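# Structural features, examined
Letter by letter, the chains look like this.
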Amino acid sequence: MKYQDYFRSRLDTLRDEGNYREFAELERHRGAYPRAKCHSGEGDVTIWCSNDYLGMGQHPDVLAAMHEALDRTGAGAGGTRNISGTTHDHVLLEAELADLHGKEAALLFTSGYVSNWAALGTLASEIPDCVVLSDALNHASMIEGIRHSRAQKVIWKHNDLEDLEAKLAALPLEQPKLIAFESVYSMDGDVAPIEAICDLADRYGAMTYLDEVHAVGLYGPRGGGLAEQLGLMDRLTVIEGTLGKAFGVVGGYIAASAELCDFVRSFASGFIFTTALPPAVAAGAAASVRHLKASCEERTVHQARVAEVRAQLDAIGLPHIENPSHIIPVMVGDPVKCKFISDTLLRDHGIYIQPINYPTVPKGTERLRITPSPVHTAQDVAKLVTALEALWTQCQLARQPIAAQ
Ligand code: PMP
């Protein structure tokens, strides 16, 4: 019983701080995205905070591939990859992903989280004496993977090349090193200086591990991510991505040399000891990757929609972090007001934007993370901006642009 009291008091504290998470229960309908029925509101809502950045989760090619594979193969993979769970669909998807990133091989995991946790953790723990140099704002999945590895960890200031270099220089030259960072950071939408980090890695003999979860499908001529856009894919040791965001399905992966993938495949418990993704998921993800390799249309319209939302927010002076990506963090700076705005948008305007509070972001930087997609219309944008303006006035929030850190 005393445990129940403990659980309740911890949850009460979260509620008092305005940091208790409530889920909006959505009922999605085929082809209706960004509209969905919301059980916590009245009628249909327009979703403005999804990571299905391009609406590929509803793309006819993806759905057709999943239906076809479901009818052909059944529901589940039936085992771990090692014990009966490797199907032709998994192998084809891995080949598709290796090609996407110009690497010899790719290795699938059940999510992006698992891929970071397992791959980074395995490299860090299995390479003798390896030190991981981790960007201060790396995602929880990388942090947990490094922690689990028990390898030496050095945290460098976010996107700070001088700090990274100082920390590299302080380590023995012959010690194995792995620099772990992201291309697009999910909450601020800022981007890493990938080329300069690769230069430092070369200079100090380090491997590089780049999380492109918020960039794959979205950047580069074939959707290979920011590294593809910048012509840097071959300079990265490992590129990690997800199939659950721009590709609209679920799953995670690394792309790297054949030997490195084989190494992770052979030693990573998060790969070895878990049931493989359903083959229908692999087939749907492969269709999505294939489509976005061949078509730039979604990426072009996406960027235009992002620019339109930004311009309209600027026009009314709503503070949002200026960044070169598709993520628009509108800064509220107060957890209670952030939740109030989110609740009111849902209840009175049929607009769903989840509030982003601590611990996802530091206290005092609470925000609405807006993610426009190619399937939002000009009317959707106008409605969003009008509603936000009214709530900004109601909450007496400041209006000024906030520069990226
Ligand atoms: N890396 C980053 C930077 C992320 O933001 C996320 C998910 N939010 C992940 C990895 C995990 O990806 P997935 O959702 O596929 O587990």
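On a predicted model such as this, the values are computed, not experimentally measured, just so you know.

## Some thoughts on helix α4 (residues 88–100)
For α4, built from 13 residues, the straight-helix expectation of 18 Å at 1.5 Å per residue is met to within 8% by its first-to-last C-alpha distance of 18 Å. Buried within α4 we find D89, H90, L93, E94, E96, L97, A98 and L100. Packed against the buried residues of α4 are α2 (60–73), α3 (81–85), β4 (105–109), β10 (252–256) and α12 (279–294). A positive backbone phi angle near 65° is found at G102, which sits one or two residues after α4.

## What to know about the site of the ligand
Lining the immediate surroundings of the ligand are 13 residues, of which G112, Y113, D211, H214 and T242 lie closest. At 2.6 Å from a nitrogen atom of the ligand is found a side-chain nitrogen or oxygen belonging to D211. H214 has a polar side-chain atom sitting 2.6 Å from an oxygen atom of the ligand. For the ligand, the protein covers 82% of the area, taking 390 Å² as the surface of the free molecule. Classifying every residue of the shell around the ligand gives two nonpolar, eight polar and three charged.

## Things to note about the nonpolar core
L97, I179, F181, I194 and L243 are the most contacted members of the largest nonpolar core, which totals 54 residues. Per-domain counts for this core show at least three residues from each of domain 1 (19–57 + 296–395) and domain 2 (60–294). Ignoring any residue separated from it by four or fewer positions in sequence, one finds L97 in contact with A106, L108, L243, Y253, A255 and V289. Among the nonpolar cores identified, the runner-up in size contains 34 residues, and V306, L313, L345 and V381 belong to it.

## Thoughts on the sheet that holds strand β11 (residues 328–331)
With antiparallel pairing, three strands are arranged side by side in an open sheet as β11-β14-β13. The sheet is open, and its two edges are formed by β11 and β13 (355–356), each paired on a single side. Relative to strand β14 (residues 367–370), helix α14 (residues 335–349) is tilted by about 45°, and along the sheet it contacts β13 and β14.

## Description of the pairing of β10
Counting buried positions along β10 gives five out of five residues, so the element sits mostly inside the fold. Neither face of β10 is exposed, since G252, I254 and A256 on one face and Y253 and A255 on the opposite face are all buried. When β4 meets β10, the two strands line up antiparallel, connected through five bridges. Each bridged residue has a counterpart across the sheet, and for A105 the counterpart in β10 is A256. Across four bridges, strand β9 (residues 238–242) lies against β10 in antiparallel orientation. Along β10, the bridge assignment pairs E240 with I254.

## Overview of the environment of E126
Looking at the secondary structure, you find E126 in helix α5 (residues 112–126). For E126, a relative accessible area of 36% translates into the label partly exposed. A sequence separation of 97 residues divides E126 from G223, and the C-alpha atoms of the two residues are 31 Å apart.

## Digging into helix α1 (residues 2–17)
For α1, with 16 residues, the first-to-last C-alpha span of 23 Å sits near the 22 Å given by 1.5 Å per residue. Looking one or two places after α1, you find G18, whose phi comes out positive at around 80°.

## Some thoughts on the sheet that holds β4
Read across the sheet, seven strands follow the order β4-β10-β9-β8-β7-β5-β6 without closing on themselves; strand pairing throughout is mixed. Because the sheet does not close on itself, it has two edges, and the strands there are β4 and β6 (152–156). Each adjacent strand pair in this sheet contributes to an overall mean axis angle of 20°, direction not counted. Strands in contact with α5 are β4, β5 (131–135), β7 (177–182), β8 (206–211), β9 and β10; relative to β9, the strand with the most contacts, it is inclined by about 160°.

## Section: the UniProt feature "domain: Aminotransferase class I/classII large" (unreviewed entry) in the protein
Look at the UniProt record and you will see "domain: Aminotransferase class I/classII large" (unreviewed entry) annotated at residues 44–388. Helix makes up 45% of residues 44–388 and strand 15%, whereas the separation of the span's terminal C-alpha atoms amounts to 18 Å.

## Brief notes about a nonpolar patch on the surface
Side chains of Y3, Y6, F7, L11 and L14 sit close together on the surface and give an oily, nonpolar patch of about 500 Å² of accessible area. Structurally, the position occupied by L11 is in helix α1.

## Some remarks on the packing of aromatic side chains
Applying the stated criterion across every chain, the model contains three aromatic pairs. Ring geometry for F109 versus F271: centroids 5.7 Å apart, planes at 75°, classification edge-to-face. Placement of F109 in strand β4 and of F271 in helix α11 (residues 269–272) is noted, with a sequence separation of 162 residues between them. Between F263 and F267 the ring centres are 4.9 Å apart and the planes differ by 50°, which places this aromatic pair in the tilted class.

## Here we look at the pairing of β5
Burial analysis of β5 places five of its five residues in the buried class, which makes it a mostly covered element. Burial of β5 is two-sided: the residues V131, L133 and D135 facing one way and the residues V132 and S134 facing the other way are all buried. Sheet topology note: the β5/β6 ladder contains five bridges and is parallel. From the neighbouring strand, D135 faces β6, where its bridge partner is W156. As for the winding sense of the linkage, the β-α-β connection from β5 through helix α6 (residues 140–149) to β6 is right-handed. In terms of strand pairing, β5 meets β7 through four bridges, oriented parallel. Bridged to L133 within β7 is I179.

Scoring rules and cut-offs
Residues numbered from 1 in each chain as written. Predicted model: local features only at pLDDT ≥ 70, side-chain atom pairs only at ≥ 80, totals over all residues. Heavy atoms only, no water. Helix = DSSP H or I, 4+ residues; strand = E, 2+ residues; numbered from the N terminus. Expected span 1.5 Å × (residues − 1). Buried < 20%, exposed > 50% of the residue type's maximum accessible area, 1.4 Å probe, protein only. Contact = heavy atoms within 4.5 Å. Near = heavy atom within 4 Å. Polar contact = N/O pair within 3.5 Å; in protein donor to acceptor, adjacent residues only side chain to side chain. Areas by Shrake-Rupley, 256 points an atom, 1.4 Å probe, with all protein chains shown as cover. Nonpolar A, V, L, I, M, F, W, Y, C, P; charged D, E, K, R; others polar. Core = buried A, V, L, I, M, F, W, Y, C linked by side-chain atoms within 4.5 Å. Domains from an automatic or database assignment. Pairing = 2+ DSSP bridges. Axes fitted to C-alpha atoms, helices over the stretch in contact; angles between N-to-C directions. UniProt positions renumbered as here; feature names shortened; annotations may be inferred. Patch = residues over 30% accessible without salt bridge, like charges linked within 9 Å, V, L, I, M, F, W, Y side chains within 5 Å. Salt bridge = Lys/Arg side-chain N within 4 Å of Asp/Glu carboxyl O. Phe/Tyr/Trp six-rings, centres within 6.5 Å; stacked < 30°, edge-to-face > 60°. Right-handed = clockwise from strand over helix to strand, strands pointing away.

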